[in-house]
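# Descriptive analysis of the structure
Here is what each chain is made of, one letter per residue.
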2 protein chains.
Amino acid sequence: MAINTVVQADHHAPPVTALLAHFAVSHPSRGWSDAVEREAHRTFANWVGCAIGPSGHDTMAAALASVMELAPSAQAAVLGRRERVDIASAALLNGISSHTFDFDDTHLKTIIHPAGPVAPALLALGEHLRVSGRELIDALVIGIEVSCRVGNAIYPDHYDRGWHITGSTGMLGSAAACARLLKLDAVRTQMAIGIAASQPIGLREQFGTMTKPFHPGGAARVGLMSALMARHGYTASKRALEAPRGLMQVFSSKTDWSQATEGLGDSWEIALNTYKPFACGIVIHPSIDGCVQLREQHGLTPDNIKKVTIKVHSLVLELTGKKTPTNGLESKFSVYHSCAVGLIFGRAGEHEYTDAVVNSPAVLALRAKVEAIVDDRISEAAADVRVQTHDGRDLHIVIEHAIGSTQRPMSETQLKAKFVDQSAPVLGQAKAEESWTLASSLGDCADLGPLLAAATLS
Amino acid sequence: MAINTVVQADHHAPPVTALLAHFAVSHPSRGWSDAVEREAHRTFANWVGCAIGPSGHDTMAAALASVMELAPSAQAAVLGRRERVDIASAALLNGISSHTFDFDDTHLKTIIHPAGPVAPALLALGEHLRVSGRELIDALVIGIEVSCRVGNAIYPDHYDRGWHITGSTGMLGSAAACARLLKLDAVRTQMAIGIAASQPIGLREQFGTMTKPFHPGGAARVGLMSALMARHGYTASKRALEAPRGLMQVFSSKTDWSQATEGLGDSWEIALNTYKPFACGIVIHPSIDGCVQLREQHGLTPDNIKKVTIKVHSLVLELTGKKTPTNGLESKFSVYHSCAVGLIFGRAGEHEYTDAVVNSPAVLALRAKVEAIVDDRISEAAADVRVQTHDGRDLHIVIEHAIGSTQRPMSETQLKAKFVDQSAPVLGQAKAEESWTLASSLGDCADLGPLLAAATLS
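Predicted model only: the values in this text are computed from it and were never measured.

Here we take up the overall build of chain A. A count of helical and extended segments in chain A gives 21 helices and eight strands. Radius of gyration (C-alpha) of chain A: 22 Å, near the 23 Å computed for a compact globule of 458 residues. With respect to the three principal axes, the spread of C-alpha positions in chain A is 70 × 55 × 45 Å. Looking at chain A residue by residue over its 458 residues, the buried ones come to 62%.

Here is the structure:
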C-alpha cells in the first residue's frame, strides 16, 4: 500500500481561506432552493436523533465523566441527558454521541459525516447566544459547505493516507459556522478557519474504538473554540488552508482548488447528504440491502441458508473486513456480521449490533457461511449478493445503489421512524415525536428552547 | 520542494504505543542520574519563566478572553496572572504563554520544544491533585521522553512535510505524563496515548502568527484531556502510534522504530535539552552569537558598520528569512533583524523584538546592510559572520555552536538572569526570585502551593 505520493509544492494556490471566509459571512440567509432547505432540515433532524440514541452509551459515560472533572459551567444541553456543561464540552459530547452508533449522515463523495462536527457546535453556541432556528440552519448549511468543499478538493488522497476525513475537515466547517453565528467579519472568520486548520482530528486506525466517534465531537469543539478565539483577536495564517505548508498541501497530495472555490453559493454540498438506514459503515449498506431484499422476496429463513456470497469493491473489505467480531462495536466493521443480521432479522439497526446479537449462536452460524469476494469492477456503492439454499435455490440480486443513497433516499416517514426508534427509548414516545417535529422544522422556530426541552431529560 | 515521498506501509512495527505506556507507568521515581535530574529542573524552571514573561501579552489576552466565555471553574492557576480557570484551560493558557516569545527550551535533535506541551498540563493537573514536586518532576522527565522519542523516530520527514513537531508529538508526552500523575495503569496509559494520537496540533504555515504558540498549549490540553478520558475507560487503538494507519506512518515517511523504543529508561532525551539566550528561532542563534561576539571583541558601533555578511545553512533562511519584518512577531523570523539588534544592543532578548525596535531607524538602517548567503557546507548549528567597517576593518568569526547549545550550555547564573529578566516586570523582583528558587528545586517541594503563590498575582 503506497501511503503517500511525491508532489511539488504549489505556491500559486487561490486564496481558499479568504474565499471561504467571505462566503461564510456574506451569503444571505436562506439563500438557496427549497430542496436545499429541505435537505438541511433532514440533515439536522437526523443528526439530533443520532445524538439522542447513544446518549446513555458507555462511550458517552466515559466522555462525560472526563468533562465533569473540569467542573464545567451549565451553559448548554447534552442531548438525551440531564447534565448541562459549558458550550465547548457540549459541542464535544453531542458530537461524540451522534457518531457513536455510526448511524449519522454521509456525504458520499468524500465519506465525510457532515453534521457531526458542525451541528453540535451550533446547537451549543446557539443555545448560549439564544439564536433563532433560522440562524442555526443558515450556519449549518454554510459550515457543511466549507467542510465538504475542502474535502472535495483533497479526497481521496487525504483519506487514503489514513485520515478520518470527518474530523480533519470538520473543524473548518464548525469554525466557519460558529463564526457566522457569532456574526464575525470576514477577516476574523478567516482567522477562525486558520486557527482550526492547525487542529485536524482523526486517524482511521481508531476505527472500531471509542476514539472514532471522538473525531467529530473533537472537531466540533475545535471549531467552536477557534471562532471564540478569533472573536477576541487571536490570529492565524491568512492562507492556512492553501499555502504550501497549509492544511491542504500538507495533508494531501491531491489539491483540486476549483472544488473548494468555484461556484460557492450556487451549488450546495448539503443537497448531496444521505442518511443511513443501517447502523454501520456506509460501504456495507449495498450488501445488507441485497440480503434484506432476498430475505423478503424469497421468504428466506436462516436454517435454510447454505451459503452467502457477496462480491464487493476492495474498499468494503479494507474498511469492514472483520471476519470474527467479538463485540457490538467491532461488528459494525464486519460485512460478514452485517449480512448475517440482514438475512436473519431483515434489518440492521443499532439493536442488531449489540454484544448479545454478535455472539448469538444463530448469527455466528450464519456469519460463518458468508464469503466476500473482492471485485473492483463493482462500484463502491454497489454489491452483488448471492444466496444458495439447502433446498437447492440459487438466489441472486445486484444492488446498484443502496437504500439511503442519493439515488434511493430515505423518505420522511422512514427518517422519522429512524429518529423515533432511536430516541423514544431515551426520551419516551411523546418527547421523541415532539423532538422530531421541532428538529425537522427548526428554521421556523423563534428559538432553540422548545427543541432542547423536548430532546433532553428533565 | 518535495513534500512527501512514497513509502510502503510497515505492518511489522514493534508495539511502540504499548512499550511507551509501560515505560511511563513503571519507571521508578527519580530513576536517573544527577545530571538528568539537574536538567529536568533547568527545563522546568526555564519553562516557568518563559510562561510568566508573556502573561500580559495580546496573545494571552485573546486566548484568556475566549476561555472565559466558557465561564470556567477556578481549578488552576494561570502563571503571571490573577485569573484561575479549569485545569484543561490552564494547561492551554500556560502552554500558549510559554511559547509566545519563542524563548522556551529546545531539543535540538528534533527542534521540539519539549516542556511547552508537557509542563503546563502537569502544573494544572498537579495543582488539582495536590501532587508533590517530586511527582511532577518524575512525570515531566517521562512525558518529555515520550514526545522526543516519537520525534526522534519521525524527524526530519515529519517536520519537512510541514508539521510543527512540538504540537504534533507533544500531546503524546502530555498524555503519558498526565497518565503518570493520575496513576493510571499501563493499559489505560496506552489508551491515553492513543486518544491523543488522533489530535496532533500544528502547521508550520502558522509561524509568525498567534497560532504558533497555540500549538504547545493545545497539545498540553489534548494530552491532559486524553488522560482524563482514559481514566474513565475511554478507548483508542492499542497501536495508535505504530500501525500502518497510526500517527507515525501517516504523518511521516521516516519511521525509525528503534529510536522510539530502544534503551527506554537508560538514556534520557531531557538531558539534551537546551535553553535560549535569544528570544527567537534557534536557527538564528549562531548568527546572533557571532554578531554579539564581534561587537564585544572589537567595540563595534552601528555607525561604523558598512556591511554584514553571514553564511548559513539553507534552513536558516527557510525558517527565518523575513527580509523586512514590520512588527515584533515577524522580526523573530528574521535573521536580518536579529543580526542588527545583536550588533547594536549586544543582546536579543524579548525587548529587542518589540514593534518599536523593529521600526526604529537605527535598526532599519543596519538591517539593510545584512546579507545572508546560503552555504549548506555549514551546519545548521553554525554560522560564519563577517563584518566590514567604514574604517577598513574586515572582521570574521565562525560560530560552531552557539551559546545555549548542548556544547555551550547556559550557566545556572545565566538561566536565573533570564528567568528574572522575564518575570520581575510581571511579579516584582522578590516574587520573581522566589519563583526561580522554588521552580529550580521543585523536586524537593512537598507540594506546588508555594511556587504557584509566588508565580501568580494575588
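Moving on: the sheet that holds strand E7 (residues 383-389) of chain A. All names here are of chain A. Within the open sheet, the four strands sit side by side as E6-E5-E7-E8. Their pairing is mixed. Two strands in the sheet have a free side with no partner beyond their single neighbour: strand E6 (370-374) and strand E8 (394-399). Strand-to-strand twist across the sheet, computed as the mean angle between neighbouring axes with direction ignored, equals 15 degrees.

Under the fitted operation, chain A is carried onto chain B by 0.0 Å of movement along the axis and a turn of 180 degrees, and the coordinates agree to an RMSD of 0.0 Å. Both chain copies can therefore be described as sitting about a two-fold axis. The residues that chain A uses at the interface reappear at the interface of chain B in 100% of cases, marking a shared surface.

Strand pairs in the sheet, formed through backbone hydrogen bonds, run parallel or antiparallel to each other. Residue and element names in this part refer to chain B. Within the open sheet, the four strands sit side by side as E6-E5-E7-E8. Their pairing is mixed. A single partner strand is all that each edge strand has here, and the edge strands are strand E6 (370-374) and strand E8 (394-399). In this sheet, adjacent strand axes meet at a mean angle of 15 degrees when their direction is disregarded. Bridging between strand E7 (residues 383-389) and E8 involves six bridges; their strand directions are antiparallel. Bridge assignment links arginine 386 to a residue of E8, and that residue is histidine 396.

The subject of this paragraph is helix H10 (residues 211-231) of chain B. Residue and element names in this part refer to chain B. The end-to-end C-alpha separation of H10 is 30 Å, in line with the 30 Å expected for 21 residues at 1.5 Å each. Summarising burial for H10: 21 of the 21 residues are buried, a large majority. Glycine 233 lies just past H10 and shows a positive phi near 95 degrees.

Chain A puts 60 residues into the contact, and the matching count from chain B is 60 residues. Of all elements in the fold, only helix H3 (58-68), helix H4 (87-100), helix H9 (186-197), helix H10 (211-231) and helix H11 (247-251) of chain A reach the threshold of two or more residues within the side of chain A that touches chain B. With seven residues, the top contributor of residues to the side of chain A that touches chain B is H10 of chain A. Per-class residue counts for the side of chain A that touches chain B are 30 nonpolar, 23 polar and seven charged.

Residues and elements named next belong to chain A. We note that the domain assignment places domain 1 (16-274) and domain 2 (282-399) within chain A. If you average the C-alpha positions of domain 1 and of domain 2, the two centres end up 33 Å apart. Counting residues at the interface gives eight residues for domain 1, matched by six residues for domain 2. The residue inventory of the side of domain 1 that touches domain 2, partitioned by class, reads four nonpolar, three polar and one charged.

What counts, and at which threshold
- Every chain is numbered independently, its residues counted from 1 as its sequence is written.
- Chain A is the first chain written and ligand 1 is the first ligand written, with later ones labelled in order.
- In view of the model being predicted, local features appear only for residues whose pLDDT reaches at least 70, and side-chain atom pairs are presented and counted only at 80 or more, with totals across whole chains, interfaces and linings using the full set of residues.
- Numbering of helices and strands starts at the N terminus; helices are DSSP runs of H or I of at least 4 residues and strands are runs of E of at least 2.
- In this treatment the radius of gyration is a C-alpha quantity, and the globule benchmark scales as 2.2 Å times the residue count to the 0.38 power.
- With C-beta atoms placed from the backbone, the exposure class of a residue follows from how many other C-beta atoms lie within 10 Å of its own: 20 or more, buried; 12 or fewer, exposed; in between, partly exposed.
- One bridge is not enough; two strands pair if DSSP finds at least two bridges between them.
- A fitted line through C-alpha atoms represents every axis, and for helices the fit uses only the stretch in contact; the resulting angles, taken between N-to-C directions, go from 0 to 180 degrees.
- A residue counts toward the fit only if its pLDDT is at least 70 in both copies, and the copies are then superposed by least squares on the C-alpha atoms of those residues.
- Distance between backbone-placed C-beta atoms decides contact: two residues are in contact if it is within 7 Å.
- Helix span, expected: 1.5 Å multiplied by one less than the number of residues in the helix.
- For this scheme, ten residues count as nonpolar: Ala, Val, Leu, Ile, Met, Phe, Trp, Tyr, Cys and Pro. Four count as charged, namely Asp, Glu, Lys and Arg, and the remainder, Gly too, count as polar.
- An automatic or database domain assignment provides the domain bounds reported here.

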